[in-house]
Amino acid sequence: MGELTVRALRVVLTGVLASTVFVQAVLLWALVSGNDPEDGSLPLTPLRVIVLLGVVTAQVVVVCVWRLVTMVRRGTVFSHAAFRYVDVVIGAIAAAALLWFALTALLAPEHQDNPGITVIMGGIGMTVLGGALIVLVLRMLLAQAVARDVEATQMQAALDEVI
């Protein structure tokens, strides 16, 4: 991975992390101030909590990707330590999908006159869940690469003994 690519990715990750921290601060302030409508329209507190937790899942993914990029730069990504970060990414994406489905269910009564919005939101949730499955497939590829790396190291050691 080139130095320019790593720097660009880290700039993007830093921007995402900074913006999510800002969103968290605004949401926490809104939760503490308790400005929910009294007319019984949309329950803002559950909505804010779901969004706040969704932001946390994004932050977890950013931190894990940062660690994985660091491992790539050091040449240690093909090790068992990388699985921990990949597993956390899979869990965070799956949690984000579940939160999206909860948000869809929360907003569904507001869209009774236009159920297509709820269907589209459900489709977005399925897409996010599909993202977790894609990362799971990539984890399997990482497992194969780690196994091949271990095998190559063992073969090199055996060859070194012969020579």
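Residues numbered from 1 in each chain as written. Predicted model: local features only at pLDDT ≥ 70, side-chain atom pairs only at ≥ 80, totals over all residues. Heavy atoms only, no water.

Novice: How would you summarise the overall build of the protein chain if you had to cite specific residues and measurements?
Specialist: When helices and strands are counted, the protein chain shows 4 helices and 0 strands. The secondary structure elements of the protein chain, listed N-terminal to C-terminal, are α-α-α-α. Whereas a compact globule of 163 residues would reach a radius of gyration of roughly 15 Å, the protein chain reaches 21 Å, over 25% beyond that. Over its C-alpha atoms, taken along the principal directions, the protein chain stretches across nearly 85 × 30 × 25 Å. Of all 163 residues assigned to the protein chain, the portion counted as buried reaches 25%. Here the analysis covers contacts within the protein chain between residues at least 6 apart in sequence; of these, 73% occur between residues at least 24 apart. Taken as a whole, the protein chain presents about 10300 Å² of accessible surface, with 71% of it coming from carbon and sulfur. (Helix = DSSP H or I, 4+ residues; strand = E, 2+ residues; numbered from the N terminus. Rg over C-alpha atoms; globule rule 2.2 N^0.38 Å. Buried < 20%, exposed > 50% of the residue type's maximum accessible area, 1.4 Å probe, protein only. Contact = heavy atoms within 4.5 Å. Areas by Shrake-Rupley, 256 points an atom, 1.4 Å probe, with all protein chains shown as cover.)

Novice: Describe the nonpolar core, and please don't skip the residues or the numbers.
Specialist: By size, the foremost hydrophobic cluster in this structure holds 15 residues, and its most contacted members are L68, M71, A82, V86, V135 and L142. The leading source of residues in this core is helix α3 (residues 81-107), at 7 residues. The residues touching L142, leaving out its near neighbours within four places in the chain, are V77, F78, A82, F83 and V86. Formed by 6 residues, the second largest nonpolar core is a distinct cluster that contains I50, L103, L107 and M121. (Core = buried A, V, L, I, M, F, W, Y, C linked by side-chain atoms within 4.5 Å.)

Novice: Give me the packing of helix α1 (residues 3-33) against helix α2 (residues 44-74): which residues, what numbers.
Specialist: Contact geometry of α1 with α2 gives a least axis separation of 9 Å together with a crossing angle of 160°. It follows from the interaxial angle that α1 and α2 lie roughly antiparallel. The way α1 lies across α2 gives a crossing that is left-handed. Split into classes, the residues belonging to the contact of α1 with α2 amount to 20 nonpolar, 6 polar and 4 charged. (Axes fitted to C-alpha atoms, helices over the stretch in contact; angles between N-to-C directions. Parallel < 35°, antiparallel > 145°, perpendicular 65-115°, else oblique. Left-handed = near helix turned anticlockwise from the far one by under 90°. Nonpolar A, V, L, I, M, F, W, Y, C, P; charged D, E, K, R; others polar.)

Novice: Talk me through the layout of surface pockets; I want residue IDs and the actual numbers.
Specialist: Its volume calculated, the largest pocket comes out at about 300 Å³. Considering the residues around the largest pocket, the lining is formed by 13 residues, among which L68, V72, V77, V86 and L142 are closest to the centre. Elements with a contribution of two residues or more to the lining of the largest pocket: α2, α3 and α4 (115-162). Per-class residue counts for the lining of the largest pocket are 12 nonpolar, no polar and 1 charged. (1 Å grid on protein atoms, 1.4 Å probe; cavity = no way out; pocket = protein on both sides within 12 Å on 5 of 7 lines; lining within 4 Å. Points joined across faces, edges and corners; volume = space filled by probe spheres on them.)

Novice: So what's going on with α1? Which residues, and what values?
Specialist: Taking 1.5 Å of rise per residue, 31 residues should cover 45 Å, and α1 covers 45 Å from first to last C-alpha, within 8% of that figure. Within the sequence span of α1, burial applies to V6, L13, T20, Q24, L27 and A30. Tucked into the core, α1 has its buried residues touching α2. (Expected span 1.5 Å × (residues − 1).)

Novice: Give me the pattern of salt bridges: which residues, what numbers.
Specialist: Note that side chains of opposite charge can pair when their charged atoms are close. Enumeration over the complete set of coordinates arrives at 3 salt bridges. Between E3 and R7 there is a salt bridge, with its nearest N and O atoms 3.0 Å apart. You can see E3 and its partner R7 sitting in helix α1, 4 residues apart, about one turn around the helix. A residue is classified by how much of its surface remains accessible, and E3, at 37% relative accessible area, is partly exposed. A relative accessible area of 54% places R7 in the exposed class. Between R73 and E3 there is a salt bridge, with its nearest N and O atoms 2.6 Å apart. Within this pair, whereas R73 is found in helix α2, its partner E3 is found in helix α1, the two being separated by 70 residues in sequence. For R73, a relative accessible area of 39% translates into the label partly exposed. (Salt bridge = Lys/Arg side-chain N within 4 Å of Asp/Glu carboxyl O.)

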